[in-house]
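# A structural walkthrough
If you want the building blocks of each chain, they are given just below.
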Amino acid sequence: PFIGDAVTFTITVTNNGPSSATGVEVSDLVPTGYSNVTNISEGGILEGNTITWSDISLLGLAEIDLTFDATVEAEGDYVNVAQIDAADQYDPDSTPGNPADTDGDGLIGSDDNDGSQDPDDEDDGDDAVVVPAQPSIFLLKRTNGRDINNEKRPVVIVPDEGAIVEWTYEVFNNGNTDLIDVVVTDDKEGVICSIPFLAAGETIICSRSGDAILGLYTNIANVTGQPVDGDSNPIGQIVEKSDTSQY
């Protein structure tokens, strides 16, 4: 999801035993990375930033889904933890009310294969993490190796036989989502290169050369790219960046 999107959390509570479970209480401490908690199912009550579902009854081997919506904030803690706080019956493999991270190693949940599971934890708590999509792209254009944003523009001497100017276009995916269909263009030189896929954190350098001309020469480069999710499906708006160079 993007910052400002609403996400739905689902907490599945399962009675793994053959007998009925009664008096089950579940809580979810909504962390600071979320706001505007709405649509709480099954009679859950929000007090402060904690949602509590009380007096749940489950037949043997039955389960129930507890859900709520929240808005993703621009910053904060995105690790959302839910746990069982109480039950009328004895549970042979967990203690309701103790921390979800039973052994305190930072990994939570013994069963959910979400990348942070811990087989040493009890099975009455789990976490869910949302990573907000923040697509971005950066472009650095150099003329004869110089970046005019930080250096003096190069002086190109043009003799009678002419001179060649070299431009490089450094494209950096500085967001946290992969990009597809990345295209670098130059207002004087046209399309410089096309990059089918640019992974988050990846840099690719394109180049172009041309004949030098007399006088001050300015050209502007532009790059665009389409953010994608983990399955390479387009998400959100196209990202874009420009940079200028001179000689």
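Residues numbered from 1 in each chain as written. Predicted model: local features only at pLDDT ≥ 70, side-chain atom pairs only at ≥ 80, totals over all residues. Heavy atoms only, no water.

Glancing now at the environment of valine 184. Mapped onto the fold, valine 184 is located in strand β11 (residues 179-186). In this structure valine 184 comes out as buried when scored by relative accessible area, which is 0%. Sequence separation between valine 184 and proline 92 is 92 residues; the distance between their C-alpha atoms is 61 Å. Contacts of valine 184, omitting those with residues within four sequence positions, involve Tyr169, Val171, Gly190, Val191, Ile192, Cys193, Asn222 and Val223. (Helix = DSSP H or I, 4+ residues; strand = E, 2+ residues; numbered from the N terminus. Buried < 20%, exposed > 50% of the residue type's maximum accessible area, 1.4 Å probe, protein only. Contact = heavy atoms within 4.5 Å.)

Let us now look at a nonpolar patch on the surface. On the surface, Val79, Val129 and Val131 cluster together to form a nonpolar patch covering roughly 240 Å² of accessible area. Within the fold, valine 131 resides in the loop between β8 (125-129) and β9 (138-143). (Patch = residues over 30% accessible without salt bridge, like charges linked within 9 Å, V, L, I, M, F, W, Y side chains within 5 Å. Areas by Shrake-Rupley, 256 points an atom, 1.4 Å probe, with all protein chains shown as cover. Salt bridge = Lys/Arg side-chain N within 4 Å of Asp/Glu carboxyl O.)

It is worth spelling out the nonpolar core at this point. With 23 residues, the main nonpolar core has Val26, Tyr34 and Phe68 as its most contacted residues. Taken together, the elements giving at least two residues each to this core come down to β1 (6-14), β2 (21-29), β3 (34-38), β5 (50-58), β6 (63-72) and β7 (79-86). Counting residues per element, this core draws most heavily on β6, which supplies 5 residues. The residues touching tyrosine 34, leaving out its near neighbours within four places in the chain, are Val7, Phe9, Ala70, Thr71, Val72, Glu73, Asp77, Tyr78, Asn80 and Val130. (Core = buried A, V, L, I, M, F, W, Y, C linked by side-chain atoms within 4.5 Å.)

On to the state of the cysteines. Under the counting rule described, the total for this entry stands at 1 disulfide. Sulfur-sulfur distance for the disulfide between cysteine 193 and cysteine 206 comes to 2.0 Å. The S-S bond linking cysteine 193 to cysteine 206 shows a torsion near 80°; that makes this disulfide right-handed. On the criterion of sequence distance, the pair formed by cysteine 193 in strand β12 (residues 190-198) and cysteine 206 in strand β13 (residues 203-211) is long-range, its members being 13 residues apart. Look at cysteine 193 and you get buried, because its relative accessible area is 14%. (Disulfide = S-S within 2.5 Å.)

Okay, the packing of aromatic side chains next. Scanning all chains against the criterion turns up 6 aromatic pairs. Aromatic side chains tryptophan 53 and phenylalanine 68 sit 6.5 Å apart centroid to centroid with 40° between the ring planes, which places their arrangement in the tilted category. Separated by 15 residues along the polypeptide, tryptophan 53 in strand β5 and phenylalanine 68 in strand β6 bring together distant segments of the chain. Across the pair, phenylalanine 68 and tryptophan 53 agree in class, each one buried. Arranged with centres 5.0 Å apart and planes meeting at 25°, the rings of tyrosine 217 and tyrosine 247 form a pair that is stacked. Taken as a pair, tyrosine 217 in the loop between β13 and β14 (218-227) and tyrosine 247 in the segment after β15 (239-246) lie far apart in primary sequence, 30 residues in all. You can call tyrosine 247 buried: its relative accessible area is 6%. By the ring-pair criterion, three or more aromatic residues cluster together here, those being Phe9, Tyr34, Trp53, Phe68 and Tyr78. The ring of tyrosine 217 carries lysine 188 above its face, with NZ or CZ at 4.7 Å from the centroid. (Phe/Tyr/Trp six-rings, centres within 6.5 Å; stacked < 30°, edge-to-face > 60°. Lys NZ or Arg CZ within 6 Å of the ring centre and 35° of its normal.)

What follows deals with the side chain of aspartate 28. For aspartate 28, the location among the structural elements is in strand β2. Buried and unpaired, aspartate 28 has lysine 241 as its nearest opposite-charge partner, separated by 37 Å. In terms of polar contacts, aspartate 28 uses its side chain to reach the side chain of asparagine 80, at 3.3 Å. Setting aside chain neighbours within four positions, we find aspartate 28 in contact with Ile11, Asn49, Thr50, Ile51, Trp53, Phe68, Asn80, Val81 and Ala82. (Lys, Arg positive; Asp, Glu negative; His and termini not counted. Polar contact = N/O pair within 3.5 Å; in protein donor to acceptor, adjacent residues only side chain to side chain.)

Here the focus is the sheet that holds strand β10 (residues 164-172). What the 3 strands build is an open sheet, ordered β9-β10-β13; its pairing is antiparallel. Edge positions in the open sheet fall to β9 and β13, since each of these has one partner strand only. Strand-to-strand twist of the sheet, defined as the mean angle between neighbouring strand axes without regard to direction, takes the value 15°. As paired elements, β10 and β13 share 9 bridges and run antiparallel to each other. By the bridge assignment for β13, valine 171 is matched with isoleucine 204. (Pairing = 2+ DSSP bridges. Axes fitted to C-alpha atoms, helices over the stretch in contact; angles between N-to-C directions.)

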